[in-house]
Amino acid sequence: DGGITQSPKYLFRKEGQNVTLSCEQNLNHDAMYWYRQDPGQGLRLIYYSQIVNDFQKGDIAEGYSVSREKKESFPLTVTSAQKNPTAFYLCASSPRSGTGKDLNYGYTFGSGTRLTVV
Amino acid sequence: AQSVTQLDSHVSVSEGTPVLLRCNYSSSYSPSLFWYVQHPNKGLQLLLKYTSAATLVKGINGFEAEFKKSETSFHLTKPSAHMSDAAEYFCVVSDGSSASKIIFGSGTRLSIRP
């Protein structure tokens, strides 16, 4: 079955460490996205990528980095510069090119990674 | 500028009774509006969407929503709640211009009493 796989499901990080969250899709979607979700808040866009080897900052990119070396993969690194990294992270993809209209064609979301700083 | 407000952070109903989750929006453009559902520790699933066609939109699992431009509302309803409806629901607005212009509401947690 086609879909998005995020791993790991739960991740614990010590302060000062970088960690990388994996996101893989086999939907042949062009665009991929990373969102952060905090309790009582909606999703906030961290980074998105319209095509391979290209990505744009979202609303809260500080302290995060991404790469898009393959169409199927869009890993997110949470660096030590992110002051409050504990959150639920969601990856999504869409068939088209990373514009707002993509939501009309349907985002597919992964099942998320819960990151906790210990 | 766009914004979306979900008027209730938590709604609790009895099984078999109607569900109403309220959403108001503001947008400078003709927006597209969506409702997504999220079960605990899961991703989001699209329930329904309005993209300037019929103002009454039917979605999955018996949910529907009505776009009311005069009231800038897009409330989600279901005639009869089921225990499996317990989840977090997000109202989303998009003007179609860019990924960063997709605004998620803060969510409404729906609880179902037996």
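Quick summary incoming for the structure in this document. Just so you know, these numbers come straight off a predicted model, no measurement behind them.

1. Quick word on the environment of B:Gln2
All names here are of chain B.
- Within the element layout of this structure, glutamine 2 appears in the segment before strand 1 (3–6).
- The exposure class assigned to glutamine 2 is buried, which follows from its relative accessible area of 16%.
- Separated by 92 residues in the primary sequence, glutamine 2 and serine 94 have C-alpha atoms spaced 8.0 Å apart.
- Discounting residues that sit within four places of it in the chain, glutamine 2 has contacts with Ser26, Ser27, Val93, Ser94, Asp95, Lys101 and Ile103.

2. Re the side chain of A:Gln6
Residues and elements named next belong to chain A.
- Within the secondary structure, glutamine 6 is located in strand 1 (residues 4–7).
- Among the residues examined, glutamine 6 registers a relative accessible area of 7% and is labelled buried.
- Within polar-contact distance, the side chain of glutamine 6 engages the backbone oxygen of tyrosine 89 at 3.1 Å.
- Among the polar contacts made by the side chain of glutamine 6, one reaches the main-chain amide nitrogen of cysteine 91 at a distance of 2.9 Å.

Conventions adopted
Residues numbered from 1 in each chain as written. Chains lettered and ligands numbered in written order. Predicted model: local features only at pLDDT ≥ 70, side-chain atom pairs only at ≥ 80, totals over all residues. Heavy atoms only, no water. Helix = DSSP H or I, 4+ residues; strand = E, 2+ residues; numbered from the N terminus. Buried < 20%, exposed > 50% of the residue type's maximum accessible area, 1.4 Å probe, protein only. Contact = heavy atoms within 4.5 Å. Polar contact = N/O pair within 3.5 Å; in protein donor to acceptor, adjacent residues only side chain to side chain.

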